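# Inside the fold
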Amino acid sequence: MIGNAGGMIRGRTRALGCLLGLLILLPAGLSAQPVVDPGAVTDEAVERLRFAQENFPAAAVELGRVIDRLERSRVASDGSSLVVDSCHLRSAPAGLTAWIEARQAVLAIGRLLARADAPNLSLPPALVRILRDVRADLVQVYRFLAEVALQEARALGDQPSSGAQIARADEAFAQADQQLLAGDHGRAMQSLRQAWEHALLA
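Here's a quick rundown of the structure. Not measured: the values here are computed from a predicted model.

## Points about the overall build of the protein chain
- Each helix and strand in the protein chain was counted, giving 8 helices and 2 strands.
- Going from N to C terminus, the protein chain has its helices and strands arranged as α-α-α-α-β-β-α-α-α-α.
- If you take every contact in the protein chain between residues at least 6 apart in sequence, the share linking residues at least 24 apart comes to 71%.
- Per element, the accessible surface of the protein chain, about 9,800 Å² overall, is 55% carbon and sulfur.

Structure representation (structure tokens):
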């Protein structure tokens, strides 16, 4: 991608940050929603889950696993950040780590929430609210990241395979929305990741 004009333009857009990228992409149909730094969302999620750990010790071990996943979604193995700016993760393969770890966190939250209705294992309503809010925030910000990548591909992709990759990204993105409507957050995260990957290849 770096070797072609579209890739160079896209690289410059990222280097100038999220705001300029959004000004370019909004006419292309980017849905109106607040731009929130993925790192900030993750930091807030970790903070809320640590609070839950202190106040709901019966779930402390499971909450700790979610926190571990979220912390791994922010930083690469070499200690560098996986977040470029409020609209971008690092490109694949490094950026895949953020997606994989965030999805595992969402799945772990889902397993915890499954206990909410289990006899003799019910979770306190306050903890259920925290878990649902954290999951919703994570899915929203990763959906936004995938959508930005897709709109950038539409605006800047100029490779011979761009059209096919964008079509695959569109299909995965639409599938993710259907999965979210069905309450299948784990599969939705997987589909959003696929949309992001196809968009980056466009």
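Picking up where we left off.
## Observations concerning the packing of helix 5 (residues 94-113) against helix 8 (residues 185-201)
- For the pair helix 5 and helix 8, interaxial distance at closest approach is 9 Å and the crossing angle is 170 degrees. Between helix 5 and helix 8, the crossing angle belongs to the class labelled roughly antiparallel. On the side of helix 5, the interface is formed by G95, L96, W99, I100, A102, R103, V106 and L107, while helix 8 contributes H185, G186, M189, Q190, L192, R193, W196 and E197.
- Class assignment for the residues of the contact of helix 5 with helix 8 results in 9 nonpolar, 4 polar and 3 charged.

## Some thoughts on the packing of aromatic side chains
- For the structure shown, the criterion picks out 2 aromatic pairs.
- On the basis of an interplanar angle of 70 degrees and a centroid distance of 4.9 Å, the ring pair of W99 and Y142 is categorised as edge-to-face. Here Y142 lies in helix 6 (residues 125-156) and W99 lies in helix 5, a separation of 43 residues in the sequence. For the pair W99 and Y142, one class covers both residues: buried.
- The interplanar angle of 45 degrees and the centroid separation of 5.8 Å between the aromatic rings of W99 and W196 together place this pair among those described as tilted. With W99 in helix 5 and W196 in helix 8, this pair connects stretches of sequence that are 97 residues apart. The same class applies to W99 as to W196, namely buried.
- Cluster of aromatic residues (ring-pair linked, three or more members): W99, Y142 and W196.

Parameters at a glance
- Residues numbered from 1 in each chain as written.
- Predicted model: local features only at pLDDT ≥ 70, side-chain atom pairs only at ≥ 80, totals over all residues.
- Heavy atoms only, no water.
- Helix = DSSP H or I, 4+ residues; strand = E, 2+ residues; numbered from the N terminus.
- Contact = heavy atoms within 4.5 Å.
- Areas by Shrake-Rupley, 256 points an atom, 1.4 Å probe, with all protein chains shown as cover.
- Axes fitted to C-alpha atoms, helices over the stretch in contact; angles between N-to-C directions.
- Parallel < 35°, antiparallel > 145°, perpendicular 65-115°, else oblique.
- Nonpolar A, V, L, I, M, F, W, Y, C, P; charged D, E, K, R; others polar.
- Phe/Tyr/Trp six-rings, centres within 6.5 Å; stacked < 30°, edge-to-face > 60°.
- Buried < 20%, exposed > 50% of the residue type's maximum accessible area, 1.4 Å probe, protein only.

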